[in-house]
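Coordinate inspection notes
What follows is each chain in one-letter form.
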Amino acid sequence: MAEVIDLKKRQSKQRRIQKSRQRRQAEAVASMLSCGVCPRRCAHCGMAVEHYAPPPVEAPYPFCEVCQEEYEAYRRREDGEDIQEAFWHTDQWAECWRTWLANMRASEAFRGSAAFLRLMEEHLD
Ligand SMILES: [Zn+2]
């Protein structure tokens, strides 16, 4: 009888450990996806935006003034303007913007998916 009770205690402890682990995983996923969605922070660099104003129509996310300028320079470059406005506006710089924007779009899609909503409902109550 004592062995049965001991086994049940062990199973209960294992369930608590697994539930705690799943909660930490859900928190990590939610935390990773929350980057760039705070309206009071620049989506790109994370700096606090002191005077919040709705982003211009051509900006996909709220940017600080500097990142807005950088984003517009990136857009001009992508639209085929053949001028390098700053020495750091290299192919690698453009690739950083390209992949950052792709990551933001992928994160938005995942945040809206049934799997993500289920993860949040089941493990972050
Ligand atoms: Zn910024």
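Look up: the structure comes first, before these words.
1. Remarks on the overall build of the protein
From N to C terminus, the protein includes 4 helices and 0 strands. Along the protein, helices (α) and strands (β) appear in the sequence α-α-α-α when read from the amino end. Principal-axis analysis of the C-alpha atoms gives the protein an extent of 80 × 30 × 25 Å. Looking at the protein alone, contacts between residues at least 24 apart form 35% of all its contacts between residues at least 6 apart.

2. A closer look at the packing of helix α1 (residues 2-34) against helix α4 (residues 114-123)
Following both chains from N to C, one finds α1 and α4 inclined at 135°, their axes separated by 9 Å at the closest point. If you check the angle between α1 and α4, you find them oblique. In this structure, α1 meets α4 at a crossing whose hand is left-handed. Between α1 and α4, the residues in contact are Q22, R23, A26, V29 and A30 and L119, M120 and H123, respectively. Here the residues of the contact of α1 with α4 sort into 5 nonpolar, 2 polar and 1 charged.

Basis of the calculations
- Residues numbered from 1 in each chain as written.
- Predicted model: local features only at pLDDT ≥ 70, side-chain atom pairs only at ≥ 80, totals over all residues.
- Helix = DSSP H or I, 4+ residues; strand = E, 2+ residues; numbered from the N terminus.
- Contact = placed C-beta atoms within 7 Å.
- Axes fitted to C-alpha atoms, helices over the stretch in contact; angles between N-to-C directions.
- Parallel < 35°, antiparallel > 145°, perpendicular 65-115°, else oblique.
- Left-handed = near helix turned anticlockwise from the far one by under 90°.
- Nonpolar A, V, L, I, M, F, W, Y, C, P; charged D, E, K, R; others polar.

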